[in-house]
Amino acid sequence: MKKILFAFIAIASMTMEAQTISDAVRYSGDDLYGTARYRAMSGAFGALGGDLSSINVNPAGSAVFLNSIVSLSLDIENADNEVTYMDGATGNSNSDFDLGQGGIAMVFNNTDESSDWKKFTIAFNYSKTANFEDDFLAAGTNSSSIDQYFLGYAQGIPLDLLVPLEGESPSDLYSYLGEREGFGAQQAFLGYQSFILRAVDEEDFDNTEYYSTVAPGTFDQEYSYAATGLNGKFSFNFATQYQEFLYMGINLNTHFINYDRVVGFYQNNNNAGSEINSIYFEDRLSTLGSGFSLQIGALTKLGENVRAGFSYESPTWYEISEETTQYLETNSNEFGRAVVDPNVINVYPDYKLQTPANYTGSLAYLFGDRALLSFDYSYKDYSSMKFKPKSDPDFAIQNELMETELKGASTYRLGGEYRLEGWSLRGGYRFEESPYEDETTIDDLQGYSLGLGYNFGNIKLDVAYETFEQDRNPRLFETGLTDRAHINRENNNVVLTLSFGI
């Protein structure tokens, strides 16, 4: 027989909830954020430099500055989601406004004219790298039910673990299961205590087989997803210029993750013989993480008009902590309303995530001081991502899945600029391949951008408009109810940057 917890607790030290591929992909992605000039040219700056956001691509870019500079960028983002699920279609829109970039570059010229080292630059830059602000509703009629989620976790769990002892509250037992038996046992407990599941032999505490009280048929379902937060990066940069043709640089980057999401699932049915008529399941997740990465890069002049660059960004080594809470409610003609609300915060042991390294090659052509064209190619092998410690059985399974279900993905960025007196006209295009082998869970991304800037002398004002579209087909749950919702996401973003010399 299981043991009663020594004391009532609200926070339990949990056995790890198995992480998924979608978590790894979410935290390893880099979106197009930075200054208005950078975004107007779709980030094709690896061979150009001379912009604080260019160091996100190539750390050597800060050595191109002639004078010290400060820049701040404000983002206005709007996202439209068109969602289809089974026979249903829904849509929503949400907006966000925040600081997308801020930084300073200090240029130190070498007064020794005989030296081959012309100058060096120290820069510090903050950039948002991913925005997690998102919400959508998937609604439709399905022949599969959420009961399979709970049933899948319950099979093999002794009934003894799902029934509180005398004097033991449901919260005590839920905490105990998480602490001693793991996430799966908690899901089995929720399903059993809400009457979704019954034991094949209710009199045998050693019973490990269960059946669902939800009769087959059709089910009206609503799946709601609401997330907030972002990924961000602080870069400490050092770069130098050698003679008149070579620039080299290095970044030391610190990263952070702040992600919160709430998933709510509602299901209703009037199937003949069904003991449970409606189910509402809510799962909340809060994630905090910090990480480190290193970048090195160089760019060079190949004659008067051609520039070339190459950069390498190491994997980001994250340490991540997570907390969850859960709630389940059912209604039936036989049992009435049943609420399972443990009111327990599950605190999981910290784990590590290693994201893929990034390689970038760049070319640019300058048409005098009037115009330029620039192209960047980047490659990231998402199948190389790792959850750690790798000795953890759940992580070992996920790491093997990432090796087979994810792949190397290329990114192509093209940008151009035309100058007319104090004005600058800009445009860009980017294409990012899906990191998934099936190219279905997340589709390829296409984006376009336009921008305008004016140079007042010591002050520059730039504005950019960027839009991109991407299809996603996420599973509702990783176990049991694995049906997918189709989401067409269109983002329209405006960024304003103020730069001034110091």
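About the thresholds
Residues numbered from 1 in each chain as written. Predicted model: local features only at pLDDT ≥ 70, side-chain atom pairs only at ≥ 80, totals over all residues. Heavy atoms only, no water. Helix = DSSP H or I, 4+ residues; strand = E, 2+ residues; numbered from the N terminus. Buried < 20%, exposed > 50% of the residue type's maximum accessible area, 1.4 Å probe, protein only. Contact = heavy atoms within 4.5 Å. 1 Å grid on protein atoms, 1.4 Å probe; cavity = no way out; pocket = protein on both sides within 12 Å on 5 of 7 lines; lining within 4 Å. Points joined across faces, edges and corners; volume = space filled by probe spheres on them. Nonpolar A, V, L, I, M, F, W, Y, C, P; charged D, E, K, R; others polar. Core = buried A, V, L, I, M, F, W, Y, C linked by side-chain atoms within 4.5 Å. Phe/Tyr/Trp six-rings, centres within 6.5 Å; stacked < 30°, edge-to-face > 60°. pLDDT = per-residue confidence, 0-100. Axes fitted to C-alpha atoms, helices over the stretch in contact; angles between N-to-C directions. Parallel < 35°, antiparallel > 145°, perpendicular 65-115°, else oblique. Left-handed = near helix turned anticlockwise from the far one by under 90°.

Draft legend 1. Molecular detail of the overall build of the protein. Tallying secondary structure elements over the protein gives 6 helices and 23 strands in all. For the protein, the C-alpha atoms occupy an extent of roughly 90 × 45 × 35 Å along the three principal directions. Going through the 502 residues of the protein one by one, you find that 54% of them count as buried. If you take every contact in the protein between residues at least 6 apart in sequence, the share linking residues at least 24 apart comes to 72%.

Draft legend 2. Layout of the layout of surface pockets. Roughly 1,200 Å³ of volume is contained in the second largest pocket. Lining the second largest pocket are 45 residues; nearest its centre among them are Arg37, Gly50, Val64, Arg419 and Lys460. It is strand S23 (residues 486–501) that contributes the most residues to the lining of the second largest pocket, 4 residues altogether. Among the residues forming the lining of the second largest pocket, the class breakdown is 16 nonpolar, 17 polar and 12 charged.

Draft legend 3. Geometry of helix H3 (residues 147–154). Here H3 has its buried residues at Asp147, Tyr149, Phe150, Leu151 and Ala154. Among the residues trailing H3, Gly156 stands out with phi positive, at a value near 95°.

Draft legend 4. Expanded view of unusual backbone geometry. Across the junction of Lys388 and Pro389, the peptide omega takes the value 5°, indicating a cis bond. In this structure, Phe195 is a non-glycine residue whose phi angle is positive, near 75°. Summarising the element assignment, Phe195 is placed in the loop between helix H5 (183–193) and strand S6 (197–199). Classification of Phe195 as partly exposed rests on a relative accessible area of 24%. A positive phi angle, close to 55°, is found at Asn343, a residue other than glycine. The residue Asn343 is located in the loop between strand S13 (336–340) and strand S14 (345–347) in this model.

Draft legend 5. View of the nonpolar core. Formed by 68 residues in total, the largest nonpolar core has its most connected members in Phe150, Tyr223 and Phe477. The dominant element in this core, judged by the number of residues it contributes, is H5, at 6 residues. When near neighbours in sequence (up to four residues on either side) are disregarded, Phe477 contacts Ile146, Tyr149, Tyr223, Phe265, Phe281 and Thr482. In this structure, Leu32, Tyr38, Met41 and Ala364 belong to the second largest nonpolar core, which totals 10 residues.

Draft legend 6. Focus on the packing of aromatic side chains. If you walk through the whole model with that rule in mind, you get 35 aromatic pairs. Judged by centre distance (6.2 Å) and plane angle (75°), the rings of Tyr27 and Phe132 are edge-to-face. Of this pair, Tyr27 sits in helix H1 (residues 21–28) while Phe132 sits in the loop between strand S4 (117–131) and strand S5 (134–142), and the two are 105 residues apart along the sequence. Across the pair, Phe132 and Tyr27 agree in class, each one buried. Ring-pair connections join several aromatic residues into one group, and the members of that group are Phe136, Tyr149, Phe150, Tyr153, Phe183, Tyr223, Tyr225, Phe265, Phe281 and Phe477.

Draft legend 7. Seen up close, the confidence of the model for the protein. On average, the protein scores 93 in pLDDT, and the residues at 70 or more come to 96%. Residue range residues 1–16 is modelled with pLDDT below 50. Its contacts to residues more than four positions away, or to other chains, number 50 contacts.

Draft legend 8. Summary view of the packing of helix H4 (residues 170–180) against H5. At a minimum axis distance of 7 Å, the contact between H4 and H5 shows a crossing angle of 150°. The angle between H4 and H5 falls in the class roughly antiparallel. In this structure, the crossing between H4 and H5 has a hand that is right-handed. Facing Pro170, Leu173, Tyr174, Leu177 and Gly178 of H4, the residues of H5 in contact are Ala185, Gln186, Phe189 and Leu190. Across the contact of H4 with H5, the residue classes tally to 7 nonpolar, 2 polar and no charged.

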